[in-house]
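Spelled out from the first residue to the last, the chains are:
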Amino acid sequence: MEERIVKPFTMWRHFKGTHAMVITVAEHSETGEKMVVYYCMDNEGKTNHKDGIYARPLHMFLSEVDHEKYPDVKQKYRFELVKDQ
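Now for a look at the structure at hand. Bear in mind the structure is a predicted one, so any value in this text is a computation, not a measurement. (Residues numbered from 1 in each chain as written. Predicted model: local features only at pLDDT ≥ 70, side-chain atom pairs only at ≥ 80, totals over all residues. Heavy atoms only, no water.)

What follows concerns the side chain of T10. With respect to the helices and strands, the residue T10 is situated in the segment before β1 (11-14). For T10, a relative accessible area of 16% corresponds to the buried category. For T10, the side chain forms a polar contact with the main-chain oxygen of K7, separated by 2.6 Å. Separated by 2.8 Å, the side chains of T10 and W12 make a polar contact. (Helix = DSSP H or I, 4+ residues; strand = E, 2+ residues; numbered from the N terminus. Buried < 20%, exposed > 50% of the residue type's maximum accessible area, 1.4 Å probe, protein only. Polar contact = N/O pair within 3.5 Å; in protein donor to acceptor, adjacent residues only side chain to side chain.)

When charged atoms on two side chains of opposite charge get close, those side chains can pair. Overall, the coordinates contain two salt bridges when judged by the stated rule. Here R13 and E80 are joined by a salt bridge, their closest N and O atoms 3.8 Å apart. With R13 in strand β1 and E80 in strand β5 (residues 79-81), the pair connects residues that are 67 residues apart, well separated along the chain. Taking relative accessible area as the criterion, R13 reaches 30% and is therefore assigned partly exposed. With its nearest N and O atoms 3.5 Å apart, the salt bridge here joins K34 to E27. Residue classification places K34 among the partly exposed positions, given a relative accessible area of 43%. Here E27 falls in the exposed class, since its relative accessible area comes to 53%. (Salt bridge = Lys/Arg side-chain N within 4 Å of Asp/Glu carboxyl O.)

The subject of this paragraph is the sheet that holds strand β4 (residues 52-57). Either a parallel or an antiparallel arrangement is found when strands of a sheet pair, and the pairing is made through backbone hydrogen bonds. Taken together, five strands build an open sheet; the order of strands is β4-β3-β2-β1-β5 and the sheet is antiparallel. Because the sheet does not close on itself, it has two edges, and the strands there are β4 and β5. Neighbour-to-neighbour, the strand axes of this sheet turn through a mean angle of 40°, independent of strand direction. Judged from the six bridges that link them, strand β3 (residues 34-41) and β4 form a sheet pairing that is antiparallel. Bridged to Y38 within β4 is Y54. (Pairing = 2+ DSSP bridges. Axes fitted to C-alpha atoms, helices over the stretch in contact; angles between N-to-C directions.)

Note that E30 resides in the loop between β2 (19-27) and β3. You can call E30 exposed: its relative accessible area is 70%. Considered as a pair, E30 and G52 are 22 residues apart in the sequence and their alpha carbons are 24 Å apart.

On to a nonpolar patch on the surface. Side chains of I23, Y39 and I53 sit close together on the surface and give an oily, nonpolar patch of about 270 Å² of accessible area. For I23, a relative accessible area of 34% gives the class partly exposed. (Patch = residues over 30% accessible without salt bridge, like charges linked within 9 Å, V, L, I, M, F, W, Y side chains within 5 Å. Areas by Shrake-Rupley, 256 points an atom, 1.4 Å probe, with all protein chains shown as cover.)

Given below as structure tokens:
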């Protein structure tokens with residue numbers, strides 16, 4: 001099984017077609033939860049987010065796509081690393 005590690009300055013593709021440049025992985029000051037801080041780009045109306053900086057829990061960033069909700073999506077994970085950077 002491929003280990004999926006989120007590192008700063010890596011590009012990831014969201015299953016809806018946008019891209020995310022990881023800025024850093026941070027820790028929530030109150031809960032200790034790991035959070036991915038990233039810059040969302042190439043949105044052009046593909047999601048309900050605008051281009052900009054967001055934070056998402058690490059476990060959610062690395063989670064699989066809900067294929068019951070999105071049955072036509074071919075991508076396995078919510079975000080997948082773009083290998084050719």
